[in-house]
Amino acid sequence: MVCLGNICRSPLAEGILTSMVNPEKTEVSSAGTGGWHVGNQPDPRSIAVAQKNKIDITNQRGKQFSTYDYEVYDHIFVMDSANYRDVLKLANTEAERAKVSMILDEIFPGEAVDVPDPYYGGDNGFDDVYKMLYEACEKIVSRLTL
């Protein structure tokens, strides 16, 4: 799961998907294309909306996406088109590029719909993002049988 700073959208997506899969069989992680928040907890508003939905993301720490992630993960879901382009720039092969997709393509196939960044909005933005990501993660789990 990849967004810009790895404190709002991608930690929520990581927490949601982790809550839906068997952690012994599926590893879920998140990262940001920027390194501003490496080592930091998710935004308090992301933590709050996750807790409201019985998901704990307080142990997550920000990390920056790197080429190493292509070696470790089979699927890389990005939150918006800008991060999609940035992640693809780090791909070295067609196989790596094939791992990358927009997370909301799960709900809106081929429409390149961005998950809005709730950072500068109010708390309702975090609730809205949670709902979008939850629906997308349900589709991911059913499609990939995780």
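This report concerns the structure included in the present document. (Residues numbered from 1 in each chain as written. Predicted model: local features only at pLDDT ≥ 70, side-chain atom pairs only at ≥ 80, totals over all residues. Heavy atoms only, no water.)

## What to know about the environment of I47
Turning to its location among the elements, I47 is positioned in helix α2 (residues 44-52). With 36 residues separating them in the primary sequence, I47 and P11 have C-alpha atoms 8.7 Å apart. Apart from the residues lying within four places of it in its own chain, the contact partners of I47 are Q41, P42, I57 and T58. (Helix = DSSP H or I, 4+ residues; strand = E, 2+ residues; numbered from the N terminus. Contact = heavy atoms within 4.5 Å.)

## Description of the layout of surface pockets
Quantified by volume, the largest pocket comes out at close to 380 Å³. Contributing to the lining of the largest pocket are 22 residues, with E27, V28, Y73, D74 and H75 lying nearest its centre. Of the residues that constitute the lining of the largest pocket, the class distribution is 13 nonpolar, 4 polar and 5 charged. Residue lining of the second largest pocket: C3, L4, G5, N6, I7, C8, R9, W36, H37, D117, Y119 and Y120, and that is the complete set. Looking at the lining of the second largest pocket residue by residue, the classes come out as 7 nonpolar, 3 polar and 2 charged. (1 Å grid on protein atoms, 1.4 Å probe; cavity = no way out; pocket = protein on both sides within 12 Å on 5 of 7 lines; lining within 4 Å. Points joined across faces, edges and corners; volume = space filled by probe spheres on them. Nonpolar A, V, L, I, M, F, W, Y, C, P; charged D, E, K, R; others polar.)

## Description of the packing of aromatic side chains
For the structure shown, the criterion picks out 3 aromatic pairs. Ring geometry for F65 versus Y70: centroids 5.4 Å apart, planes at 90 degrees, classification edge-to-face. Note on accessibility: F65 and Y70 belong to one class, buried. Plain terms: the ring middles of Y119 and Y120 are 4.8 Å apart, the flat faces sit at 90 degrees to each other, and that makes the pair edge-to-face. Overall, Y119 belongs to the partly exposed group, its relative accessible area being 32%. Geometry around Y119 places R45 over its ring, the cationic atom sitting 5.4 Å from the centre. (Phe/Tyr/Trp six-rings, centres within 6.5 Å; stacked < 30°, edge-to-face > 60°. Buried < 20%, exposed > 50% of the residue type's maximum accessible area, 1.4 Å probe, protein only. Lys NZ or Arg CZ within 6 Å of the ring centre and 35° of its normal.)

## Observations regarding the environment of L133
As for its placement among the helices and strands, L133 is situated in helix α6 (residues 123-144). By relative accessible area, L133 is classed as buried at 0%. Between the alpha carbons of L133 and V115 there is a distance of 8.1 Å; along the sequence they are 18 residues apart. Residue contacts for L133: discarding those within four places in its chain leaves R9, L12, A13, I16, M79, I103 and V115.

## Things to note about the pattern of salt bridges
Scanning the model with the defined rule gives 8 salt bridges in all. Note that D127 and K52 form a salt bridge whose closest N and O atoms lie 2.7 Å from each other. With D127 in helix α6 and K52 in helix α2, this pair connects stretches of sequence that are 75 residues apart. A relative accessible area of 54% means that K52 is categorised as exposed. A single salt-bridge network, built from bridges that share partners, covers R9, D80 and D117. (Salt bridge = Lys/Arg side-chain N within 4 Å of Asp/Glu carboxyl O.)

## Comments concerning helix α1 (residues 9-20)
Helix length check: α1, at 12 residues, gives a terminal C-alpha distance of 17 Å against a target of 16 Å (1.5 Å per residue), a fit within 8%. Most of α1 is tucked away: 9 of the 12 residues are buried. Buried residues of α1: R9, S10, P11, L12, A13, E14, G15, I16 and L17, and no others. (Expected span 1.5 Å × (residues − 1).)

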